[in-house]
Structure formats: C-alpha cells, structure tokens
Amino acid sequence: MDLTDGQLTALRNLGHKRDGESVAFINISDARQLTELGLAERTREGWDITPSGLSLLRSKPAD
C-alpha cells in the first residue's frame, strides 16, 4: 500500500505513541485518511495505530 509522506509520518508517530513515546503532533487530515484505510482508529485520547497499521509500519524501512 502506498502512503503519502504525510500519512507515513502520521503512521510512524502513532507507532511511537503506541510505544509510550511522546508525540508532539499528528496531522488530523492524515490521521483521518489512515482511519479510512483501517490503519488507525479514533479513540477518546486521539488516534491509535491498528494492528494493520502496525504491520504495515513494520514492513516499511526506517527513516
């Protein structure tokens, strides 16, 4: 699956958030698009990465 640079950045930030790291900013538009793709979900605390998103993130090379 091809993601825009912004979507990939948002997905990486959500991965960092999942790992307990501080995340300064997640672009709302990119997060919504990730939600539509099933890679993120909206929760009370904002957005969280889904298992599908985590799997895709792990398949991408690191920055």
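Procedures and definitions
Each chain has its residues counted from 1, following the order in which its sequence is written. For a predicted model such as this one, the threshold for reporting local features is a pLDDT of at least 70, and the threshold for listing and counting side-chain atom pairs is 80 or more; totals across whole chains, interfaces and linings nevertheless cover every residue. Heavy atoms from the whole structure form the basis of all side-chain values; hydrogens and water molecules are not counted. By convention a nonpolar core is built from buried Ala, Val, Leu, Ile, Met, Phe, Trp, Tyr and Cys residues, the set being connected through side-chain atoms within 4.5 Å. The classification of residues rests on relative accessible area computed with a 1.4 Å probe and restricted to protein chains. Under 20% of the type maximum is buried, over 50% is exposed, and intermediate values are partly exposed. Under the DSSP-based scheme used, a helix requires at least four consecutive residues in state H or I and a strand at least two consecutive residues in state E, with every element numbered from the N terminus. For this analysis, residues touch if any pair of their heavy atoms sits within 4.5 Å. Throughout this description, the term salt bridge denotes a Lys or Arg side-chain nitrogen within 4 Å of a carboxyl oxygen of Asp or Glu.

Undergrad: An account of the nonpolar core is needed here, citing residue identities and associated values.
TA: Judged by nonpolar contacts, the single largest core of 15 residues is most densely connected at L3, L11, L14, L34, L39 and I49. Breaking this core down by element, the ones donating at least two residues are α1 (5–18), α2 (28–36), β2 (46–49) and α3 (51–59). Per element, the largest residue contribution to this core is 4 residues, and it comes from α1. Apart from the residues within four sequence positions on either side, I49 is in contact with L11, L14, G15, R18, L39, A40, L54 and L57.

Undergrad: Can you tell me about the pattern of salt bridges, naming the residues and giving the values?
TA: Counted according to the given criterion, the structure contains 2 salt bridges. Between D48 and K17 there is a salt bridge, and its shortest N-O distance comes to 3.3 Å. Of this pair, D48 sits in strand β2 while K17 sits in helix α1, placing them 31 residues apart in sequence. Using a relative accessible area of 26% as the deciding quantity, one classes K17 as partly exposed. Residue D19 pairs with R18 through a salt bridge whose shortest N-O separation is 3.5 Å.

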